[in-house]
Amino acid sequence: MTEFDVVIVGGGAAGLSAALVLSRARRKVLVVDSGAPRNAPAPHMHGFLSRDGMPPAGLLEVGRDEMKGYGGEIRAGDVTELVLSGGSGFWVLLSDGQRVSARRLLIATGLRDELPDIPGLAARWARDVLHCPYCHGFEVRDRQLGVLGGSAESVRYVQTVRQWTTDVVFFTPPGSLTPLQRSELVARAIGIVEGTVKRVLVENDQLSGVEMDDGRIIRRQALFVPPRFVPHNDLLARIGCEMDDSGWVVRDGTGLTTIPGVWVAGNVANPRAQVITAAGEGSTSAIAINADLIEEDTRNAVRAFSLGY
């Protein structure tokens, strides 16, 4: 068994940022990483100051090296279970059968994007089927864009995508738009295609359009799709962390959950966090974790002093 001040589950931007801060604070830190980051399909990331256009894998490689340079450790694999141990510690069970102890935990396991079940859609994900216009909008600016809709949120979403092109079409089920929504779309010259999308069309390894179930073909060069966000929060649920009505873990401003000693950072708790946001949340949680450990260290020192140790 190995003892750590902090075990971080998840080695993405949030987890590595936290590990860097805590390692520099001279804490004994372990990062356990499954090696399956959410943004792995994307060739580049954007909006990260000084790292704009960098491949996501490159950022993680640099982050791992920086963290290890201050004494942090990283292990490949999965955490299968978290178990409360004593008053404030935890057992962390790893997929290879090993067990480590941690005084504090940071869960940064991210989320998965659940896409509509439309033939051809998933194969183009992060290439010309996109989610975040702030991440990818500039790269497809002034092209023929489409947005798959069907909800009030997607109507607002297509208005955002309109920022990057004058040629955007909103695909939506019949009867889903209110008169006000329809007038707002028309006012900004957003095309409206009502019906059911049958499949995505690809020519020469590039998205070329959308085929509707009535046979209509609408030429598009890229699609924006608001996916359903599903957090990887099974570990948090099993250890007893409270979830809100939408299934997201309850946390305070530092990422502390309702279980003392357990923090979260990044997409596992914040579906809208971009890479730079997740990194910032990791740093915030790390500072709070270190402060919490200092309080515990101080209490232990006072107790030992009063007993004459």
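Residues numbered from 1 in each chain as written. Predicted model: local features only at pLDDT ≥ 70, side-chain atom pairs only at ≥ 80, totals over all residues. Heavy atoms only, no water.

When helices and strands are counted, the chain shows 7 helices and 17 strands. Taken over the C-alpha atoms alone, the chain extends approximately 80 × 35 × 35 Å along its principal axes. Among the 309 residues that make up the chain, the fraction classed as buried is 47%. Taking the intrachain contacts of the chain between residues at least 6 apart in sequence as the baseline, contacts between residues at least 24 apart amount to 56%. For the chain, the accessible surface area stands at approximately 15,300 Å², while carbon and sulfur atoms represent 51% of it. For the chain, the distance from the average site of its 32 positive side-chain charges to the average site of its 36 negative ones is 2 Å. (Helix = DSSP H or I, 4+ residues; strand = E, 2+ residues; numbered from the N terminus. Buried < 20%, exposed > 50% of the residue type's maximum accessible area, 1.4 Å probe, protein only. Contact = heavy atoms within 4.5 Å. Areas by Shrake-Rupley, 256 points an atom, 1.4 Å probe, with all protein chains shown as cover. Lys, Arg positive; Asp, Glu negative; His and termini not counted. Charge placed at Lys NZ, Arg CZ, Asp CG, Glu CD.)

Right, let's talk about the packing of aromatic side chains for a bit. Under the defined criterion, the tally for this structure stands at 1 aromatic pair. On the basis of an interplanar angle of 90 degrees and a centroid distance of 5.5 Å, the ring pair of Tyr134 and Trp164 is categorised as edge-to-face. Taken together, the positions of Tyr134 in helix H3 (residues 133-136) and Trp164 in the loop between helix H4 (152-161) and strand S10 (168-172) put the pair 30 residues apart, joining distant regions of the chain. The class for Tyr134 is exposed, based on a relative accessible area of 58%. (Phe/Tyr/Trp six-rings, centres within 6.5 Å; stacked < 30°, edge-to-face > 60°.)

Take the sheet that holds S10 next. Sheets are built from strands paired through backbone hydrogen bonds, the pairs being either parallel or antiparallel. Strand order in the open sheet formed by 5 strands is S8-S15-S9-S10-S11, with parallel pairing between adjacent strands. The open sheet has two free edges, formed respectively by strand S8 (129-130) and strand S11 (191-194), since each of these has just one partner strand. Looking at chain direction, strand S9 (residues 145-148) and S10 are connected through 4 bridges and run parallel. Across the sheet, residue Gly146 finds its bridge partner in S10, namely Val169. H4 rests against S8, S9, S10 and strand S15 (222-224) of the sheet, and its axis sits at about 165 degrees to S9. (Pairing = 2+ DSSP bridges. Axes fitted to C-alpha atoms, helices over the stretch in contact; angles between N-to-C directions.)

So, about the layout of surface pockets. Considered as a void within the structure, the second largest pocket measures approximately 330 Å³ in volume. Lining the second largest pocket are 14 residues, and of these Arg127, Asp128, Glu139, Val140 and Arg143 sit closest to its centre. When its residues are assigned to classes, the lining of the second largest pocket shows 5 nonpolar, 5 polar and 4 charged. (1 Å grid on protein atoms, 1.4 Å probe; cavity = no way out; pocket = protein on both sides within 12 Å on 5 of 7 lines; lining within 4 Å. Points joined across faces, edges and corners; volume = space filled by probe spheres on them. Nonpolar A, V, L, I, M, F, W, Y, C, P; charged D, E, K, R; others polar.)

This next bit is on unusual backbone geometry. Positive phi, normally seen in glycine, also occurs at Asp142, with a value near 65 degrees. One can find Asp142 in the loop between H3 and S9. One non-glycine residue, Ala189, lies in positive phi territory at about 60 degrees. Of note, Ala189 is situated in the loop between helix H5 (179-187) and S11.

Let's shift gears to the sheet that holds strand S12 (residues 197-203). Pairing is antiparallel in the open sheet, where 3 strands are placed in the order S12-S13-S14. The sheet terminates laterally at S12 and strand S14 (217-219), the two strands that pair on one side only. Pairwise comparison of adjacent strand axes, ignoring direction, gives a mean angle of 30 degrees for this sheet. Bridging between S12 and strand S13 (residues 206-212) involves 6 bridges; their strand directions are antiparallel. Bridge assignment links Val197 to a residue of S13, and that residue is Met212.

To continue, consider the packing of helix H1 (residues 13-24) against helix H7 (residues 275-306). Orientation of H1 relative to H7, taken along the N-to-C sense of each, is 40 degrees, at an axis distance of 7 Å. Here the hand of the crossing between H1 and H7 comes out right-handed. Taken together, the residues of H7 that come into contact with H1 (itself represented by Ala13, Ala14, Ser17, Ala18, Val21 and Leu22) are Val275, Ala278, Ala279, Gly282, Ser283, Ala286, Ile287, Ile289 and Asn290. Counted by class, the contact of H1 with H7 contains 11 nonpolar, 4 polar and no charged residues. (Left-handed = near helix turned anticlockwise from the far one by under 90°.)

Once that is clear, we can look at H4. By the burial criterion, the buried members of H4 are Ser154, Val155, Tyr157, Val158, Gln159 and Val161. Along its buried surface, H4 packs onto S8, H3, S9, S10, H5 and S15.

Turning our attention to the pairing of strand S1 (residues 2-9). For S1, a buried count of 6 out of 8 residues is recorded, marking the element as mostly surrounded by other parts of the structure. As judged from the 4 bridges shared by S1 and strand S2 (residues 29-33), these two strands associate in the parallel manner. Pairing of Val9 across the sheet is with Val32, part of S2. Between the parallel elements S1 and S2, the chain passes through H1 in a crossover that is right-handed. (Right-handed = clockwise from strand over helix to strand, strands pointing away.)

Tallied over the entire structure, the rule returns 21 salt bridges. Between Arg104 and Glu296 there is a salt bridge, with the nearest N and O atoms lying 3.1 Å from each other. Remark: Glu296 occurs in helix H7 and Arg104 occurs in strand S6 (residues 99-107); sequence separation between them is 192 residues. Measuring nitrogen to oxygen at the nearest pair gives 3.1 Å for the salt bridge that ties Arg182 to Glu194. Remark: Glu194 occurs in strand S11 and Arg182 occurs in helix H5; sequence separation between them is 12 residues. The network of salt bridges with common partners includes Asp5, Arg27, Arg103, Arg104, Asp292, Glu296 and Asp297. (Salt bridge = Lys/Arg side-chain N within 4 Å of Asp/Glu carboxyl O.)

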